[in-house]
Amino acid sequence: MAEPRLLHDPGRADPGVDVVDPDASGAICELRVSGMDCASCAASIERALGDLDGVVNVRVDVLGGRVRVGLTDEAVASGVAVRRELAGAIRGVGFRVHDVGSPGSPGDATTDVVVPPTFWQLRGRALTTAFSGVTLAIGLAISWLAGPPAVVTLLLALSSIAGGWFVVPQGLRAARRLALDMNFLITVAATGAWLIGQPAEAAATLFLFAVAELLESHSMDRARNAIRALISLSPSEATVVREGVEARIPVDQIAVGEMVVVRPGEKIPVDGEVVEGRSSVNQAPITGESLPVDREKGDELFAGTLNGHGGLLVRATRLANDTTLARIVHAVEEAQGSRAPTQTFVDRFARIYTPTVVALAILIAILPPLLALGTWDTWIYRALAMLVIACPCALVISTPVSIVSGLAAAARGGVLIKGGAYLEAAGGITTVAFDKTGTLTLGKPAVTDVIPSGTITEDELLRLALGVERQSEHPLARAVMAHGVDRGISAPPSTDFQALVGRGARAQVDGPDGAVPVHVGNLRLARELGLDDEATSATFQRLMADGKSVLFVARDREILGIIAIADQPRPGAAEMFADLRASGVRRVVMVTGDNAGSARAVATALGIDEFHAELLPDDKVRVVRELLEGGDDVAFVGDGVNDAPALATATVGVAMGAAGTDVALETADIALMGDDLSRLAFAIRLSQRTRRIIRQNIWFAVAVKGVFLVLAASGWATLWMAVAADMGSSLAVIGNGLRALRVPGGRRSDVSR
């Protein structure tokens, strides 16, 4: 069967179940699920759905609150029925699913409705936990005061019932499926404590577990809110002009080409082009730029960015579900489901750990009493404490909460990382290979030298050149024109323009004594015209050796001067290299299809020690492979289009300036949404920090488990201490993982260690 495909409609606000295409083979149905907080929740859902006919695979995203189910063609054909069956199975194991309305076409999004949670669903766990705590406290107080034992027992029983109100049913469901989740283990531990005459321990165990579940749910919501914050960047309504009248409508009703009014201080609701007005726009949510940028007629705008003090009239260029922000949010949501190598290892370890500890607990409960090493009650109690520690919640949640925090922090900083694997990989990068044009340079040629002969001034030389180049579309001609505009020089009238392909151009340019023939061209044209004297050739060669494109300007077959043009290094590139090296990158390489002279000039200006010039796309791939074979972890930074093969070959492919560029978003593993190279060092440092947090979480979780296993087996750890240690470690790793959301130091590019 073909690889299952998700048929996702990002424009739908919060669908209960994603549209299933009846004609698709192996489609994926996505359900929104509430109440998932840990790995045991995911395991429960996976087992429940895995038993259904027509289910190919199940993928649970705890942090994203999503369950994705691969379906066979037969299941897809049943339409709404299969969605209801999936939702029913998930509800059957104790989780809330957005409901499905009246039957209809599988592709009819209107049949999906969201059922709001009831008061009990929202507050029930908190109320039962509070009641459990109050009755436990009163019961213990009466016991310490030597009150009536019957009253104490009643209060402890009430505390146990309230504390286990949500836990025990899920534990019993897990038992029916022979699943060793935390709810089942706590249920067994509390029941065992009652049976061996330890009601206070049982009540305390259930109460502490209920408290920990509440705290864990709250902490997980903080991680989920990082993604919700991205979604909330875009306003829900906008002002459009229809038939000359302004109207306020939902953003998802705006069509491509419609005119949108953006007033000062408003968020820009759609991707679009400025038609009227001028303003400064804060693009930090999309590109990570620290300062607002000026926008005027013809400039591009992104949804979710903030307008400054000017009013704008904007032509919508994308639908609401296809804006750059929508694609960023969708990519981050998809990235949450991808498993990083560390997470895969932890999951494999957890699958071995839990059965092993449960088997050890059974042996602890049985063997010592049989060998007359103590009473049954003593060793059963110790075994029950070990069962509590058998659930690897803290260990399993340690990686995904850190990964999603890192992904969200990156997105807020103008960097889109398309999966946990790439977030981890970026922290180990030792070599960065850069494309030159458009990456290390601006990709826009600019005049660097104007060298007139002794018979003419710079301005006069430029005026003649402008008279010819004003009619040319060549990039070098545009650079000359831009330089003339910057100098305040107007182009004189000209006639009889003729482009000389591969050599230059000529025209009749008006002057004080009437129109005269003027040539602007390269050394080849100078030789054709017989104008390449020794001094001219020497100047040409000197400037060309610096990687510059050189043009002569001749009037009446007399060279009056030379203009040199070069692509300019991107501002801040040299500082970026220093930042990269400070982040642990040992080697910086430049690869380009440009000539060796241009490559050498840029490499010298930026302090790059190694460059490869005159490369075809396949040659760039070869260079990247050689770096990989040398033992380096390589990041390749390019424009996401021409450099696609090299981006795919590198350990991590990084696309520059991906905001608004569909191909870059699709091609690269990491996309720098703006043209700010400092985002790369930011991404690497964020990755390194996230990796450190993950390692800290794993070692902490393993250490706590190991210590309390020994304490429980030796009788030093009570049941409630085991619960506190287990859930406390879960809360600790969640809290530590959330540190990846923060970027200390006041600058987005400054990720401290």
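To be clear, the structure that these remarks concern was listed above.
Residues numbered from 1 in each chain as written. Predicted model: local features only at pLDDT ≥ 70, side-chain atom pairs only at ≥ 80, totals over all residues. Heavy atoms only, no water.

Draft legend 1. Local environment of the overall build of the protein. When helices and strands are counted, the protein shows 26 helices and 27 strands. Taking all 753 residues of the protein together, the buried fraction comes to 52%. By sequence separation, contacts in the protein at least 24 residues apart represent 65% of the contacts at least 6 residues apart. Roughly 31,900 Å² of accessible area belongs to the protein as shown, and the carbon and sulfur atoms make up 57% of that amount. (Helix = DSSP H or I, 4+ residues; strand = E, 2+ residues; numbered from the N terminus. Buried < 20%, exposed > 50% of the residue type's maximum accessible area, 1.4 Å probe, protein only. Contact = heavy atoms within 4.5 Å. Areas by Shrake-Rupley, 256 points an atom, 1.4 Å probe, with all protein chains shown as cover.)

Draft legend 2. Fine view of the pairing of strand β14 (residues 312–316). Burial within β14 is extensive, with 4 of its 5 residues counted as buried. In this sheet, β14 lies alongside strand β8 (residues 259–262) in antiparallel orientation, the contact comprising 4 bridges. Considered in β14, the bridge of Val260 is made with Val314. With 5 bridges joining them, strand β9 (residues 272–277) and β14 adopt antiparallel strand pairing. Bridge assignment links Glu276 to a residue of β14, and that residue is Leu313. (Pairing = 2+ DSSP bridges.)

Draft legend 3. Examining helix α16 (residues 458–469) more closely. The terminal C-alpha atoms of α16 lie 16 Å apart, and with 12 residues this matches the ideal 16 Å at 1.5 Å per residue to within 8%. Those residues of α16 lying buried are Leu461, Leu462, Leu464, Ala465, Leu466, Gly467, Val468 and Glu469. (Expected span 1.5 Å × (residues − 1).)

Draft legend 4. Representation of the nonpolar core in the model. Counting 43 residues, the largest nonpolar core has Val432, Phe434, Leu440, Phe577, Leu580 and Leu680 as the members making the most contacts within it. Per-element accounting of this core gives the leading share, 9 residues, to helix α25 (residues 678–714). Those residues within four positions of Leu580 in sequence are excluded, and the remaining contacts are Val432, Phe434, Val585, Leu680, Ala681 and Ile684. (Core = buried A, V, L, I, M, F, W, Y, C linked by side-chain atoms within 4.5 Å.)

Draft legend 5. Quick peek at the sheet that holds strand β15 (residues 415–417). Pairing in this open sheet of 7 strands is mixed, and the strands run β15-β27-β26-β25-β16-β23-β24 from one edge to the other. What marks the edges here is a single partner per strand, and that holds for β15 and β24 (610–612). With strand direction ignored, the average angle separating the axes of adjacent strands in the sheet is 20 degrees. Looking at chain direction, strand β25 (residues 634–638) and strand β26 (residues 652–655) are connected through 4 bridges and run parallel. Opposite Val637, over in β26, you have Val654 as the bridge partner. Most of the contacts of helix α22 (residues 617–629) go to β25, to which it runs at about 155 degrees, and overall it touches β16 (431–435), β23 (587–591), β24 and β25. (Axes fitted to C-alpha atoms, helices over the stretch in contact; angles between N-to-C directions.)

Draft legend 6. Looking closely at the packing of aromatic side chains. Under the criterion given, the structure shown has 1 aromatic pair. Centroid distance Phe434 to Phe577: 5.4 Å. Interplanar angle 80 degrees. Geometry classified as edge-to-face. Of this pair, Phe434 sits in strand β16 while Phe577 sits in helix α20 (residues 573–582), placing them 143 residues apart in sequence. Side by side, Phe434 and Phe577 carry an identical accessibility label, which is buried. In this structure, Arg382 packs its charged tip against the face of Trp379, placed 4.4 Å from the ring centre. (Phe/Tyr/Trp six-rings, centres within 6.5 Å; stacked < 30°, edge-to-face > 60°. Lys NZ or Arg CZ within 6 Å of the ring centre and 35° of its normal.)

Draft legend 7. Main features of the sheet that holds strand β22 (residues 558–569). Across the sheet, 6 strands lie side by side as β17-β22-β21-β20-β19-β18; this open sheet has antiparallel pairing. Among the strands making up the open sheet, the edge pair consists of β17 (441–452) and β18 (494–500). Adjacent strand axes in the sheet meet at a mean angle of 20 degrees when their direction is disregarded. Inspection of the sheet shows strand β19 (residues 504–509) paired to strand β20 (residues 516–521) by 6 bridges, in the antiparallel sense. Considered in β20, the bridge of Ala505 is made with Val520. On top of the sheet, α16 reaches β17, β18, β19, β20, β21 (549–555) and β22; it is set at about 80 degrees to β22, its chief contact.

Draft legend 8. View of unusual backbone geometry. Within the chain, Asp496 stands out as a residue other than glycine whose phi angle is a positive 55 degrees. Mapped onto the elements, Asp496 comes out in strand β18. With phi around 50 degrees, Asp556 is a residue other than glycine that occupies positive phi space. Relative to the helices and strands, Asp556 is located in the loop between β21 and β22. Among the residues examined, Asp556 registers a relative accessible area of 48% and is labelled partly exposed.

Draft legend 9. Geometry of the packing of helix α12 (residues 376–389) against helix α26 (residues 719–737). Interhelical geometry of α12 versus α26 gives an angle of 10 degrees and a closest axis separation of 9 Å. Judged by the inter-axis angle, α12 sits roughly parallel to α26. Residues Tyr381, Leu384, Ala385, Val388 and Ile389 of α12 touch α26, and the partners they reach there are Leu719, Ala722, Val723 and Asp726. Of the residues that constitute the contact of α12 with α26, the class distribution is 8 nonpolar, no polar and 1 charged. (Parallel < 35°, antiparallel > 145°, perpendicular 65-115°, else oblique. Nonpolar A, V, L, I, M, F, W, Y, C, P; charged D, E, K, R; others polar.)

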